[in-house]
Amino acid sequence: MCGKKVIVCLLLVAAGLMSCRKSVGTVQVERRAFSSDSAYAFIEQQLAFGPRVPLSKGHTDCAVWLVQQLRRYGASVELQKGSLPDYAGRVQPIINIIGHFSADSVSDNKGSIILCAHYDTRAWCDEESIYEDRLYNVPGANDGASGVAVLLEVARQIGLSNTLKQPVDIVFFDYEDQGTPRIYTGVQRENTWCLGSQLFAMQYPNRSERYMYGVLLDMVGAPNAVFPREMYSVQYAQNYVELIWRKAHALGYGRYFSDKVSFPITDDHYYLNLAGIPCVDIIHYDSHNAAGFAEWWHTRNDDIENVDRTTLQAVGEVVMSLL
Ligand code: 1BN
Ligand code: ZN
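Just so it is clear, the structure is predicted and the values come from calculations on it, not from any experiment.

Reading guide: rules and limits
- Starting afresh in each chain, residues are numbered from 1 along the sequence in its written order.
- Note on labels: chains are lettered from A, ligands numbered from 1, in written order.
- Residues qualify for local features only when their pLDDT is at least 70, as the model is predicted, and side-chain atom pairs are given and counted only at 80 or more; totals for whole chains, interfaces and linings, by contrast, use all residues.
- A helix here means a DSSP run of H or I that spans at least four residues, while a strand means a run of E at least two residues long, and both kinds are numbered starting from the N terminus.
- Both definitions apply: the radius of gyration is a C-alpha atom measure, and the globule rule equals 2.2 Å times residues to the power 0.38.
- A residue is called partly exposed when the number of other C-beta atoms within 10 Å of its own lies between 12 and 20, exposed at 12 or fewer, and buried at 20 or more, with C-beta atoms placed from the backbone.
- Using the backbone to place each C-beta atom, any residue with that atom within 6 Å of a molecule or strand is considered near it.
- Classification convention: Asp, Glu, Lys, Arg as charged; Ala, Val, Leu, Ile, Met, Phe, Trp, Tyr, Cys, Pro as nonpolar; all other residues, Gly among them, as polar.
- Here, residue contact means that the backbone-derived C-beta atoms of the two residues sit within 7 Å.

Engineer: Lay out the overall build of the protein chain in plain terms, naming residues and giving numbers.
Structural biologist: When its secondary structure is counted, the protein chain shows seven helices and ten strands. Against the compact-globule benchmark of 20 Å for 323 residues, the protein chain has a radius of gyration of 19 Å, which places it among compact chains. Across its three principal axes, the protein chain shows a C-alpha extent of roughly 55 × 40 × 35 Å. Sorting the 323 residues of the protein chain into buried and exposed places 47% on the buried side.

Structural data, given as structure tokens:
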């Protein structure tokens with residue numbers, strides 16, 4: 001079906017939806033080209049750099065490659081540099097990578113769409129049961145690489161055929177995943193996660209572009225992933241949650257996009273929402289697991305064995321249908 005434009009018009013029935021939502025509505029969705037083979041290869045490439053822990057060679061190599069890829073697909077690329085204190089109060093350099101894609105047709109000034117994911121990977125495997133294993137870096141096939149890979153494939157598709165109705169910024173956030181490690185026994189600080197998006201949110205008032213809304217992808221590659229309606233997304237960007245989940249169901253991906261509402265998750269979208277950008281987090285959250293996330297989360301098993309092309313395809317097509 002890829003590459004073939006199919007208009008699906010679905011009448012959504014109230015049955016099966018959350019009881020608090022009574023509306024019955026229609027959504028038009030266009031199935032656009034997206035290659036999960038390509039997205040999968042983008043994950044493999046990121047894993048080949050090694051862990052993308054800030055200040056490591058893998059992190060630098062990955063950042064250089066991301067800039068090259070975005071340029072290759074026609075983006076004008078900007079590096080947003082700054083510094084913020086980490087969990088121990090040490091000031092750390094941060095580099096967010098921003099790819100600007102202009103609209104194909106003259107848009108009616110609705111603002112841009114921001115699509116984002118974090119490209120760093122966690123320095124500690126906090127969820128390992130053996131203490132020594134917590135000192136390993138997370139490989140980050142899902143937690144980091146999957147969201148980046150889907151967005152790189154979106155960028156590649158825009159490069160092949162730009163039919164954008166409004167400008168799109170693809171942003172790869174740095175330093176999302178270096179929040180206070182479980183092994184740290186020092187003074188606990190606030191806001192230690194998502195430093196890249198915190199920097200972005202701080203600078204947003206001084207920037208020229210304005211965003212209509214945003215979509216954050218985090219851990220979007222596992223087999224049988226479940227993306228509930230994350231609580232902060234519902235609180236700050238309800239209309240866009242509705243739009244995205246309806247499109248997902250219309251495309252036949254209701255088994256991934258659950259209508260249950262999850263606990264609020266402090267992810268990059270939270271800081272964008274605080275800055276006034278309505279932003280939705282598509283994140284794999286597993287309520288059956290004690291930590292709330294999949295069993296490989298923040299472990300050495302967050303590797304390519306826990307990536308499934310079918311999930312990448314679902315998320316990629318949903319994102320493409322928004323553009
Ligand atoms: C998501 C993936 N996050 C980290 N890796 C965000 C998060 C922060 C989730 C704190 C739980 C607690
Ligand atoms: Zn993480």
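Engineer: Account for the site of ligand 1, with residues named and values stated.
Structural biologist: Every residue near ligand 1 is listed here: Asp143, Asp177, Gly179, Trp193, Asp218, Ile265, Thr266 and Asp267. When its residues are assigned to classes, the shell around ligand 1 shows two nonpolar, two polar and four charged.

Engineer: Any chance you could break down the environment of glycine 179 for me, citing the residues and the numbers?
Structural biologist: Tracing the sequence through the fold places glycine 179 in the loop between strand E6 (168–173) and helix H4 (195–203). C-alpha of glycine 179 to C-alpha of tryptophan 124: the two residues are 55 residues apart in sequence and 9.8 Å apart in space. Contact partners of glycine 179, with chain neighbours within four places excluded, come to Tyr87, Thr192 and Trp193.

Engineer: Give a description of the environment of tyrosine 270 that names residues and reports values.
Structural biologist: Locating tyrosine 270 in the fold gives a position in helix H6 (residues 268–274). Judged by C-beta crowding, with 25 C-beta atoms within 10 Å, tyrosine 270 ranks as buried. Residues tyrosine 270 and aspartate 120, 150 residues apart in the sequence, show an inter-C-alpha distance of 18 Å. Setting aside residues up to four positions removed in sequence, tyrosine 270 forms contacts with Cys194 and Tyr232.

Any functional reading would require information that these geometric values do not contain.
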